[in-house]
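Next come the chains, spelled out residue by residue.
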Amino acid sequence: MSAWAPTPAERRKYRDYTVEFRRAEHRHVHITTVDGHVGRAVALYYRIPSLKKFVVYDYPGTSDRERRQIEQWGLALPSGEWARFADVWERRQILGRVVFTQQIVTFADDPFAQLELELMIDADSEVSV
């Protein structure tokens, strides 16, 4: 199976958009599941058509490696990276502006790390009386 690559049309669609990076103030890294896989939500992308801008919010608690990866992915958004998961952009209206958002989740490659994340979720969801 070949690696994913954007089509020429996907590369052109938002090429005139700028990218801005910000630190999220009200969200933090958290554990989540996507299609049965446990991962860490580490960033949030905003696409703001009226401003021709992508805004990338990285969450407090990300590692240096994750921040470098978030920056690399964010810089590639205008040149087609936006289309990697085109079906998960959510349409929202914020302060009268239509924006599209996408949460970025990294997954553990190591099965033991996967198990550790699942145990963390179980521990967080326990009910104490």
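Remember, it's a predicted structure, so these values are computed and weren't measured experimentally.

Enquirer: Could you give an account of the side chain of glutamine 102, naming the residues involved and the relevant values?
Expert: Within the secondary structure layout, glutamine 102 lies in strand 6 (residues 97-107). A distance of 3.2 Å separates a polar atom in the side chain of glutamine 102 from the backbone oxygen of phenylalanine 85. Beyond its immediate stretch of four places on either side in the chain, glutamine 102 contacts Ala43, Leu44, Tyr45, Phe85, Val88 and Trp89.

Enquirer: Explain the pattern of salt bridges residue by residue, including any values.
Expert: A complete count under the given rule lists seven salt bridges for this structure. The partner of lysine 52 in a salt bridge is aspartate 16, and the shortest N-O contact between them spans 2.8 Å. Here the residue lysine 52 occupies a position in the loop between strand 3 (37-48) and strand 4 (53-58), and aspartate 16 occupies one in the loop between helix 1 (8-13) and strand 1 (18-23), the gap between them amounting to 36 residues. You can call lysine 52 partly exposed: its relative accessible area is 41%. For arginine 67, the salt bridge identified is with aspartate 64, shortest N-O distance 2.3 Å. With arginine 67 and aspartate 64 both in helix 2 (residues 64-76) and three residues apart, this pair spans about one turn of that helix. Looking at arginine 67, the relative accessible area reads 28%, which means it is partly exposed. Because the salt bridges share partners, they merge into one network encompassing Glu20, Arg22 and Lys53.

Enquirer: For the environment of valine 55, give the residues involved together with the corresponding values.
Expert: With respect to the helices, strands and loops of the structure, valine 55 is situated in strand 4. Given a relative accessible area of 2%, valine 55 falls into the buried group. Along the primary structure valine 55 and threonine 18 are separated by 37 residues, whereas in three dimensions their C-alpha atoms are 8.4 Å apart. Each residue touching valine 55, except ones within four places of it in the same chain, is listed here: Glu20, Arg22, Leu44, Tyr45, Tyr46 and Ile48.

Enquirer: With reference to specific residues and values, describe the pairing of strand 4.
Expert: Where a strand is regular, its side chains alternate between the two sheet faces. Of all six residues that make up strand 4, five are buried, and the element is covered over most of its length. Alignment of strand 3 against strand 4, held across six bridges, turns out to be antiparallel. Among the inter-strand pairings, isoleucine 48 is bridged to a residue of strand 4, identified as lysine 53. The loop that links strand 3 with its antiparallel partner strand 4 comprises four residues; one of these, lysine 52, has a positive phi angle of about 50°.

Cut-offs used in this document
- Residues numbered from 1 in each chain as written.
- Predicted model: local features only at pLDDT ≥ 70, side-chain atom pairs only at ≥ 80, totals over all residues.
- Heavy atoms only, no water.
- Helix = DSSP H or I, 4+ residues; strand = E, 2+ residues; numbered from the N terminus.
- Polar contact = N/O pair within 3.5 Å; in protein donor to acceptor, adjacent residues only side chain to side chain.
- Contact = heavy atoms within 4.5 Å.
- Salt bridge = Lys/Arg side-chain N within 4 Å of Asp/Glu carboxyl O.
- Buried < 20%, exposed > 50% of the residue type's maximum accessible area, 1.4 Å probe, protein only.
- Pairing = 2+ DSSP bridges.

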